[in-house]
Every structure is written in C-alpha cells, then in structure tokens.
Amino acid sequence: MSQIQETEVLREWRQSASYWQKHIGTIHTMFSPVTQALIEDAGLKEGDAVLDVAGGPGEPSLTIAEAVGPTGSVTCTDAVAEMISAAQSEALRRGVRNVTFRQCAADSLPFESRTFDAVVSRLGAMFFPDPAAALREMLRVTKSEGAISLAVWDKSELNPFSYVVTNVVSRYIDAAPADPNAPGAFRFAEAGALAQILKDVGARDVEERVLKFNIAAPISPKEFWEMRSETSGTLREKLATIPPHRCELIEQEVQDAVREFFPNNQMQFPAQMIIVTGNKAS
Ligand SMILES: C[S@@+](CC[C@H](N)C(=O)[O-])C[C@H]1O[C@@H](n2cnc3c(N)ncnc32)[C@H](O)[C@@H]1O
C-alpha cells in the first residue's frame with residue numbers, strides 16, 4: 001500500500017473491500033438517509049467542491065456528485081486501494097463523471113489548504129487511528145466558512161441491526177470486551193464525544209444531532225446474514241475460529257432473531273446515528 005502504514009484496522013478493511021463491492025446496492029439503499037442528512041447538514045449546493053473522507057466503495061461520494069451537479073465536483077478518498085477501485089467501477093457503472101478518486105489516509109490529506117467548500121465522512125471517523133489529527137486535516141483543506149459533517153453510529157443497544165447479531169454470536173464465541181476507545185464501529189457512540197474533538201481542533205458552531213431512520217432494503221433475513229457476516233471484518237474473523245456446523249447454528253439463530261424486523265420478508269431495522277457538523281473559521 002503506497003505510503004500508508006497498514007494498521008490492523010486497514011488490513012481488515014482491505015479484506016472487506018470485495019464484500020462491500022458485492023453488497024454495494026444494499027449498502028447504498030440502507031444508508032441513503034444518512035447521505036441525505038450529510039447533504040443537508042453540510043448545506044451542500046450545486047457547484048460545490050466536496051471532499052469525502054473514507055468513502056469506501058463510493059458513498060456518499062456518488063450521491064453527492066449528483067446533488068452538486070455538473071458544475072460541482074466530489075473527491076472520493078479512502079486509505080484502502082481496493083475500496084477506491086470499487087468506487088471507480090461504481091462511478092463508471094452509474095455514469096457519474098464529476099468525481100475523482102485518491103487513495104490517502106484521513107490524517108494525511110494530499111490537498112492544498114482551503115481547497116473544498118465542504119468535507120464529509122460517512123461511518124469513517126470511528127476507524128481513524130488518530131481522530132483529532134484527521135479532523136484537523138479535514139479542517140485544513142476546507143475553505144473559510146465551509147462545513148465538515150461526519151456521520152457515526154449511535155450506541156449498539158439502540159441499533160438492532162448490530163445488537164441482534166452480536167447477542168447471538170456472543171452466545172457461541174467468547175471474545176474479550178472491545179476497548180471503547182480503540183478504532184471500532186461504536187467508538188463515538190457517546191453523546192458529545194466526536195463533537196468535542198471537532199471543537200478541540202478549532203471548528204466553530206459545532207452541532208450534533210441524532211438521526212433516527214430505518215435501515216431498509218429489499219433483502220430477506222438470509223440475505224441480511226450473508227451481507228452482515230461478509231462485510232464485517234470483526235464478525236468474519238470471529239466466525240473463522242469455529243467449525244462450520246456452529247456457524248450454521250448461528251446463521252439460523254440470527255435469521256430467527258431478526259425476523260421481527262423483516263415485515264413482508266424485507267429488511268426494516270429502526271436505527272440511530274449521530275451527525276456532527278462544524279464550520280471552519282474565516
Ligand atoms: C464503514 S466503511 C464506510 C465506507 C463508506 N463511507 C460508506 O459509508 O459506505 C469505513 C471506511 O473507512 C476506511 N478507513 C479506515 N481507516 C481509514 C483511514 N485512517 N483513513 C481513510 N480511510 C479509512 C475503510 O477503508 C472503509 O472504506
């Protein structure tokens with residue numbers, strides 16, 4: 001990987017990239033309310049130049065590229081080359097042309113200061129090794145008065161998309177409790193935690209809101225299990241430690257446990273995320 005030190009977290013994401021590409025349609029649909037919230041909270045408008053940090057296989061970059069129109073542009077970045085290739089393929093497939101791609105780590109953005117009207121990141125900040133350094137970089141490349149908007153998971157216990165699976169898996173596989181300050185999906189689930197870092201690095205008018213929405217997509221409980229067990233590096237690694245027949249028991253139990261969230265055999269989990277937005281001082 002060019003110039004980027006491959007941490008344990010990035011290794012997991014590199015190994016996850018092909019699965020995120022495989023499930024790209026479902027991921028696009030189920031998190032589209034989060035993208036809309038970022039577009040609103042960052043105040044994105046036609047003609048804006050927007051940076052997406054940790055854009056994975058292309059969202060929210062590609063939806064934002066459509067929102068800012070042909071006079072605007074999006075730069076989609078991610079630390080993992082395989083995610084960037086997946087994003088490029090998806091842009092070609094969807095015919096989105098006003099987006100460029102760059103492999104880079106969030107805490108070392110290869111752009112001039114004050115380049116972008118706004119900077120966004122969907123479900124990225126909690127994985128950065130040094131979140132303050134990353135947010136400082138995002139602020140550096142934002143123009144005066146420009147916005148930074150970040151979406152992160154709220155607590156696992158508020159998100160059945162997460163806890164229904166982890167509750168079942170924990171009955172089969174012992175695992176040490178995760179360090180709440182280490183990179184991980186729920187690292188910024190505590191109210192105010194990410195907002196405080198954005199204030200500390202110098203953003204002004206920092207605000208935080210809870211986004212309640214439905215994680216919805218036309219998939220069955222079986223397809224849900226396939227998507228969850230493939231796209232989560234943590235889950236893949238846990239499942240790899242047990243024999244196949246135990247995995248099958250987990251799969252069956254998860255499908256039974258999630259069924260109440262699949263009216264008409266279609267996924268619909270109530271969900272909660274946190275959106276933090278601040279502005280660069282002039
Ligand atoms: C949960 S995915 C989110 C992807 C996409 N934004 C989305 O919402 O679908 C997290 C992404 O963060 C990227 N990532 C992790 N650490 C990073 C870092 N230090 N710098 C840049 N990207 C990073 C991973 O490669 C992965 O693509």
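Scroll up for the structure.
Predicted model only: the values in this text are computed from it and were never measured.

Asker: How should helix 3 (residues 32-41) be read in this particular structure?
Answerer: Residues spaced three or four apart along an α-helix point in a common direction, a consequence of the helix completing one turn every 3.6 residues. Along helix 3, the residues that are buried comprise Val-34, Thr-35, Ala-37, Leu-38 and Ile-39. Buried residues along helix 3 sit in contact with helix 4 (61-68), strand 4 (116-122), strand 5 (142-153), strand 6 (204-217) and strand 7 (267-279). The positive-phi residue at the C-terminal boundary of helix 3 is Gly-43, with phi of around 65 degrees.

Asker: Quick question: what am I supposed to make of the pattern of salt bridges here?
Answerer: Between side chains of opposite charge, pairing is possible as soon as their charged atoms come close. Using the criterion set out here, one finds 18 salt bridges in the structure. In this structure, Lys-22 engages Glu-226 in a salt bridge whose closest nitrogen and oxygen atoms are separated by 3.2 Å. Placement of the pair is Lys-22 in helix 1 (residues 8-22) and Glu-226 in helix 9 (residues 221-231), with a sequence separation of 204 residues. With relative accessibility at 47%, the residue Lys-22 sits in the partly exposed group. For the salt bridge of Lys-222 with Glu-251, the shortest nitrogen-to-oxygen distance reads 3.3 Å. Of the two residues, Lys-222 sits in helix 9 while Glu-251 sits in helix 11 (residues 244-258), which places them 29 residues apart along the sequence. Several salt bridges share partner residues, and in doing so they unite Glu-59, Glu-66, Glu-90, Arg-93 and Arg-94 into one network.

Asker: Which parts of the structure should I look at to understand the site of the ligand?
Answerer: Lining the immediate surroundings of the ligand are 19 residues, of which Ala-54, Glu-59, Asp-78, Ala-106 and Arg-122 lie closest. In this structure, Ala-54 approaches the ligand through a main-chain N or O atom, which is 2.8 Å from a nitrogen atom. In the environment of the ligand, a nitrogen atom lies 2.9 Å from a nitrogen or oxygen atom belonging to the backbone of Ala-106. Out of a free accessible area of 600 Å², the ligand has 97% covered by protein chains. It is helix 1 that provides the largest number of residues to the shell around the ligand, a total of three residues.

Asker: Help me understand the packing of helix 7 (residues 160-172) against helix 9 in this model?
Answerer: Between two packed helices, what matters for the description is the angle formed by their axes and the separation of those axes. Contact geometry for helix 7 and helix 9: axes closest at 12 Å, N-to-C directions at 85 degrees. As summarised for this structure, helix 7 and helix 9 are arranged roughly perpendicular, according to the angle between their axes. Side by side, helix 7 and helix 9 meet where Phe-161, Ser-162 and Val-165 of the first sit next to Phe-224, Trp-225, Met-227 and Arg-228 of the second. The residue inventory of the contact of helix 7 with helix 9, partitioned by class, reads five nonpolar, one polar and one charged.

Asker: How do you make sense of the sheet that holds strand 4 when you look at a structure like this?
Answerer: Strand pairing in a sheet relies on backbone hydrogen bonds. The paired strands run either parallel or antiparallel. Read across the sheet, seven strands follow the order 3-2-1-4-5-7-6 without closing on themselves; strand pairing throughout is mixed. Edge strands, defined here as strands with exactly one partner in the open sheet, are strand 3 (99-103) and strand 6. On average, adjacent strands in this sheet sit at an angle of 20 degrees to one another, irrespective of strand direction. Judged from the seven bridges that link them, strand 5 and strand 7 form a sheet pairing that is antiparallel. Residue pairing for strand 7: Val-152 is matched across the bridge by Ile-274. Sitting on the sheet, helix 5 (residues 81-94) is in contact with strand 2 (73-78) and strand 3, with an inclination near 170 degrees to strand 3. Against the sheet, helix 7 contacts strand 5, strand 6 and strand 7, and its axis sits at roughly 120 degrees relative to strand 7.

Rules and cut-offs
- Residues numbered from 1 in each chain as written.
- Predicted model: local features only at pLDDT ≥ 70, side-chain atom pairs only at ≥ 80, totals over all residues.
- Heavy atoms only, no water.
- Buried < 20%, exposed > 50% of the residue type's maximum accessible area, 1.4 Å probe, protein only.
- Helix = DSSP H or I, 4+ residues; strand = E, 2+ residues; numbered from the N terminus.
- Contact = heavy atoms within 4.5 Å.
- Salt bridge = Lys/Arg side-chain N within 4 Å of Asp/Glu carboxyl O.
- Near = heavy atom within 4 Å.
- Polar contact = N/O pair within 3.5 Å; in protein donor to acceptor, adjacent residues only side chain to side chain.
- Areas by Shrake-Rupley, 256 points an atom, 1.4 Å probe, with all protein chains shown as cover.
- Axes fitted to C-alpha atoms, helices over the stretch in contact; angles between N-to-C directions.
- Parallel < 35°, antiparallel > 145°, perpendicular 65-115°, else oblique.
- Nonpolar A, V, L, I, M, F, W, Y, C, P; charged D, E, K, R; others polar.
- Pairing = 2+ DSSP bridges.

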